Structure formats: C-alpha cells, structure tokens
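Notes for the structure review
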2 protein chains.
Amino acid sequence: MIRTNPKLLAYSKTLLEKDRAQVSVTHYKRKEEIMGQGHRYPYVGIIIKGIVKCFINEANGKAFIQEFMTEGMEVGELEFFEKGGATCSVAAVTPVTILEIPHQLFKILLDKELTFNRLILESLADKVRYKAPRHAFQTSYSLERNIEKMGELYPDFLKVLPKGDIANYLGVSARSLNRALKTLREEHG
Amino acid sequence: MIRTNPKLLAYSKTLLEKDRAQVSVTHYKRKEEIMGQGHRYPYVGIIIKGIVKCFINEANGKAFIQEFMTEGMEVGELEFFEKGGATCSVAAVTPVTILEIPHQLFKILLDKELTFNRLILESLADKVRYKAPRHAFQTSYSLERNIEKMGELYPDFLKVLPKGDIANYLGVSARSLNRALKTLREEHG
DNA sequence: TCGAAAAAAGGACATTTGTCCCGCTTGAAA
DNA sequence: TTTCAAGCGGGACAAATGTCCTTTTTTCGA
C-alpha cells in the first residue's frame, strides 16, 4: 500500500550520472508541500527517497489520500500529458528527495529512448491497475477488514503514518478509525 | 462519468481501413461478458460502439464498478504490459462493438508509430487522472450529492443504466440508492 | 399471450459511521 | 523551561447505510 517502482528508480539513478547537468534534486522536510493541487510545474518528479502522500482536498474541508508513494514513483507526470493544473497535491510524510526531470528532457527521453518510454507506459498502467482492487476492496469490506489488510501489506503503518492520514486514506473520520482499532485490539492481541 | 476517447476512436477507424486484415471486430449483446476477471486475452480491445461497465467482483459477493466506458476507450490494455489475468471484468451494458488489436500488432504500433504511442500514453494518463477526483468526491460527499453529480455529468443515467449498476458504481446498496433517490424527489421535482 | 424470472420500491430494524465534544499527551518554538 | 498547537483517544448522541423481507412492475422467452 506504499507504492514503489524499482525499475524506474534504477533508471533514475543512471540519469543522475549520465545527464546530471539537465536534472535537479530537491529535498523536502516532513509535512512540506511538494506539489499543490491546481498549480503547474515545469518538471516531472521521481521519488528517490522518503514517503509522500498524494491527495485531494475537497471544498468541504475533507481530504482523500489517493496513494502513499516511495522510491521510484513518479509525481506530476499527468500534467506533462495534459497541460493544466495538478489534479492532486503531494506532500512529504517523511523527509523526501525528489529527482526533477524538466518537461523538455522528459519529452526527448519519451520519444527517443524506447526503454524509458516503456518504463513510463508500465508506470502508468501500474497506477491504473492498482486503483481498481483498492477501491473495490475499500467499499466492499468493513473498516476493520481494511485496517487488517493495511497491516498485512505494511506491518509498520501505525508507527510510520499519522492517524489522520490513515483515516483519510481509508475514507473515514478519525473517530471511526479509532473505534475500529479499539475493536481489533479487543478481538485479538 | 461515461468515459470516451475521441482521438483513439478516430485512430481506430483508420486502423480499420489500413490494417483491416490484422484486426477483428466483435459484437456483444446486452449483459454479455466481454472480459472475465483473471482470464487472459491475446488482444487489446477498443470500444467502437455501445456502453460497457468495468468492474470487480469481490469474494463476498459484492461488485464494484470502476467505470462506464464508451467509444474510443481501451479494455485489456493493462494485461499487455503485465502478463497475468485481467484485473477487472468487462460486460456490455448496451449492445457493444469492439475492435480487437492482437498483442503482436499492438506492440509494433507502440514501438514504431509515435502517434499511436502518444495516444496510448495519454489514454493511460487519462484513466489515472480521472480516478482521483472521482473517489475523492465519492467519499467526501453525501450519497444525494453524488447522485446529483451523476445527473449533471450524464442527465439520462437513470434511463440508460440499471439501478443495480448505479448502486455498484456509487458503492452503496440498492436500498440506500432508492432511499436517496426518494429524498431527492421529495426535495426538488 | 402467458408465466416465470428479474428488476424495482420500500418497510422495519440493526449496525456503522459521523459530529461534536472534552481531556490527556507530546513536541517544537519562544 | 514554559507554552501552545497538534495529535490522540474516546463518550454521547444523531444520521446514514446495510440487511432482510415483501410487494409490485417489467421483461422476455416458451
């Protein structure tokens, strides 16, 4: 449930060596905003280190977290394909390092480097593929079952992610999350 | 909320003329299964006509509809990139016509035709982009508000889509959907 | 054209979740 | 060190949703 892309991470590291002059690296502190909903950025980002959350703030004050991402995942690539502001905000959950590939270079790589092109295709396909079972499971099973599933996928989630983020990921209020956690505690250990 | 892809539809029509010998066209009746969760198909499909639903059946008997799709939308493209069974089932909601592009041809087009490659990249980016606001809205607002939104996006949805499908799209029981529809009827006209 | 089967509507009750609180803990900034 | 904001946990009640069931309407094949 914290998504990663080892192949793209590996490719990014070769980029850092070969094309060092054309890319940049930025560091973000915990809770810092990496991208803001509606804003534009002249680059595509790839996470080199750390955990980010990708989320949407609704007009009524609620937030919904799309996914947690770590090494090798792209951010801001959708805006390369369709100009217009970012759909989601992205913020650092732990200290984060981002590799920034300017749109100009991204386009060249996409058009000339078949390997890179395929990595991006697969990365997009992966994001589509992942969302289907996640949302199906989320609406089909109880909150308790969803929490158990997070624990299976990422045992440390309660230690690493703030409660508020977990609630926003599961699409429930913090109160409901606490209640469900208590129920689970009473049932097993 | 019934998704379409005019550019890919246009491209598909030229494919039907130029490469007619290498592609095929299949018709499906209402409710017929086009793809089954877990199964494999040696082609990528593009909808030429009709409306399909793309959904996941969970082990507990519940179904969750990912999206409704019509002209120009792809089905089964995820399985081209990662071998393995289909994540979702696809079924015809109205009579449907599908253009089938064999994986072998799909690969050639992807590698040699920059235009096609870009269309597929944009199509995938579109699917990712679309899901974020949809699920955010769905979990952030009341059922009534979600129904109103469907009406704004597709005024005829109650006439075209079965109630059960609408409920499975919104992630609620048929009972709750009916209740909410009644409330809306009482409020306005 | 009839009859079976599916779809639709909604009543009654149980369960889940949200909202609005309050009090406690913790960590970072003054 | 003190202080204050943010995070955490949970009580009490209200609202939303699910489950189960019955009745009516519609559809479609024999």
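Residues numbered from 1 in each chain as written. Chains lettered and ligands numbered in written order. Predicted model: local features only at pLDDT ≥ 70, side-chain atom pairs only at ≥ 80, totals over all residues. Heavy atoms only, no water.

**Regarding the sheet that holds strand β7 (residues 74-75) of chain A**
All names here are of chain A. Spatially, the four strands line up as an open sheet ordered β2-β9-β4-β7, and their pairing is antiparallel. Edge positions in the sheet fall to β2 (24-28) and β7, since each has one partner strand and no second. Bridge analysis of strand β4 (residues 43-49) against β7 gives two bridges, and the strand direction is antiparallel. In the sheet register, G45 faces β7, and the bridge partner there is V75. Contacts from helix α1 (residues 6-18) reach β2, β4, β7 and β9 (96-102) within the one sheet, and its direction differs from that of β4 by about 105 degrees. (Pairing = 2+ DSSP bridges. Helix = DSSP H or I, 4+ residues; strand = E, 2+ residues; numbered from the N terminus. Contact = heavy atoms within 4.5 Å. Axes fitted to C-alpha atoms, helices over the stretch in contact; angles between N-to-C directions.)

**Description of the side chain of R3(B)**
All names here are of chain B. Position of R3 among the secondary structure elements: in strand β1 (residues 2-3). Owing to a relative accessible area of 11%, R3 belongs among the buried residues under this scheme. Residues contacting R3, with those up to four places away along its chain left out, are E67, F68, M69, T70, M73, D126, K127 and Y130. (Buried < 20%, exposed > 50% of the residue type's maximum accessible area, 1.4 Å probe, protein only.)

**With respect to the environment of K7(B)**
Residue and element names in this part refer to chain B. Assignment of secondary structure puts K7 in helix α1 (residues 6-18). Residue K7 is classed as exposed on the basis of its relative accessible area, which comes to 54%. When the C-alpha positions of K7 and K62 are compared, they lie 34 Å apart, and in sequence the two are 55 residues distant. Leaving out residues up to four positions away in the same chain, K7 has contacts with L119 and E122.

**Remarks on unusual backbone geometry**
If you check the backbone angles, K31(A) has positive phi at about 75 degrees while not being a glycine. Within the fold, K31(A) resides in the loop between β2 and β3 (33-35).

**Here's the deal with the protein's contact with DNA strand D**
Taken together, 14 residues lie near DNA strand D, and K163(A), R175(A), S173(B), S176(B) and R179(B) sit nearest. Restricting the count to atoms of DNA strand D within 4 Å of the protein gives a sugar and phosphate share of 48%. In the model, a phosphate oxygen of DNA strand D is placed 2.5 Å from a nitrogen or oxygen of the K163(A) side chain. Here a phosphate oxygen of DNA strand D sits 3.2 Å away from a polar atom, N or O, in the side chain of N178(A). Of all the secondary-structure elements, those providing two or more residues to the surface near DNA strand D are α7 (163-170) and α8 (174-187) of chain A together with α8 (174-187) of chain B. If one sorts the elements of the surface near DNA strand D by residue count, α8(A) sits on top with four residues. Residue composition of the surface near DNA strand D, grouped by class: three nonpolar, four polar and seven charged. (Near = heavy atom within 4 Å. Polar contact = N/O pair within 3.5 Å; in protein donor to acceptor, adjacent residues only side chain to side chain. Nonpolar A, V, L, I, M, F, W, Y, C, P; charged D, E, K, R; others polar.)

**What to know about the protein's contact with DNA strand C**
Surrounding DNA strand C, one finds 15 residues, the nearest of these being S173(A), S176(A), R179(A), K163(B) and R175(B). K163(B) is positioned with one of its side-chain polar atoms (N or O) 2.2 Å from a phosphate oxygen of DNA strand C. Where the surface near DNA strand C is concerned, the elements lending two or more residues are α8 of chain A together with α7 (163-170) and α8 of chain B.

**Quick word on a positive patch on the surface**
Residue and element names in this part refer to chain A. A surface patch of like charges, here positive, comprises K163, R175, R179, K182 and R185. Sort the elements by how many residues they give to the positive patch and α8 lands first, with four residues. By the secondary structure assignment, R175 is in helix α8. (Patch = residues over 30% accessible without salt bridge, like charges linked within 9 Å, V, L, I, M, F, W, Y side chains within 5 Å. Areas by Shrake-Rupley, 256 points an atom, 1.4 Å probe, with all protein chains shown as cover. Salt bridge = Lys/Arg side-chain N within 4 Å of Asp/Glu carboxyl O. Lys, Arg positive; Asp, Glu negative; His and termini not counted. Charge placed at Lys NZ, Arg CZ, Asp CG, Glu CD.)

**Overview of the relation of the copies chain B and chain A**
Laying chain B over chain A is done by rotating through 180 degrees and shifting 0.0 Å along the axis; what remains is an RMSD of 0.0 Å. A rotation of that kind, with that shift, is consistent with a two-fold axis. Most of the interface of chain B is mirrored in chain A, where 100% of its interface residues are also at the interface. (Least-squares fit on C-alpha atoms with pLDDT ≥ 70 in both.)

**Looking at the pairing of strand β6 (residues 63-69) of chain B**
Looking along a regular strand, one sees side chains alternate from face to face of the sheet. All names here are of chain B. A large share of β6 lies buried, amounting to seven of its seven residues. Inspection of the sheet shows β1 paired to β6 by two bridges, in the parallel sense. When the sheet's bridge partners are listed, I2 is paired in β6 with F68. Both strand β5 (residues 52-57) and β6 contribute to a ladder of six bridges, which runs antiparallel. When the sheet's bridge partners are listed, I56 is paired in β6 with F64. Hairpin connection between β5 and β6: a loop of five residues separates the two successive antiparallel strands, and G61 in this loop has a positive phi of roughly 95 degrees.

**Let's talk about the nonpolar core**
Soluble globular proteins tend to bury their nonpolar side chains together. Core analysis: the biggest nonpolar cluster contains 48 residues, and F81(A), F106(A), I120(A), F81(B), F106(B) and I120(B) have the highest contact counts within it. Discounting chain neighbours no more than four positions away, the residues touching F81(A) are F106(A), L110(A), I120(A), L124(A), R118(B), L121(B), E122(B), A125(B) and R129(B). (Core = buried A, V, L, I, M, F, W, Y, C linked by side-chain atoms within 4.5 Å.)

**Some details on α7(A)**
Taken residue by residue, α7(A) has D165(A), I166(A), A167(A), Y169(A) and L170(A) as its buried positions. Structurally, α7(A) contributes buried residues whose contacts are with β5 (52-57), β6 (63-69), α4 (114-140), α5 (143-153), α6 (157-160) and α8 of chain A.

**Digging into the interface of chain B and chain A**
Taken residue by residue, the interface counts 38 residues in chain B and 38 residues in chain A. When the buried area of chain B at its contact with chain A is split by residue, L121(B), V128(B) and R129(B) rank highest and sum to 17% of it. At the boundary of chain B with chain A, the tally comes to four salt bridges. The shortest N-O distance in the salt bridge between E82(A) and R129(B) comes to 3.9 Å. Here chain B and chain A share 16 residue pairs in polar contact (both at pLDDT 80 or more) between them. Secondary structure elements with two or more residues in the side of chain B that touches chain A: β6, α2 (78-81), α3 (103-112) and α4 (114-140) of chain B. Here the side of chain B that touches chain A gets 20 residues from one element, more than from any other, and that element is α4(B). Of the residues contributing to the side of chain B that touches chain A, the split by class is 19 nonpolar, eight polar and eleven charged. (Buried area = accessible area lost by both parts, 1.4 Å probe.)

Functional significance is not addressed by these values, which are geometric in nature.
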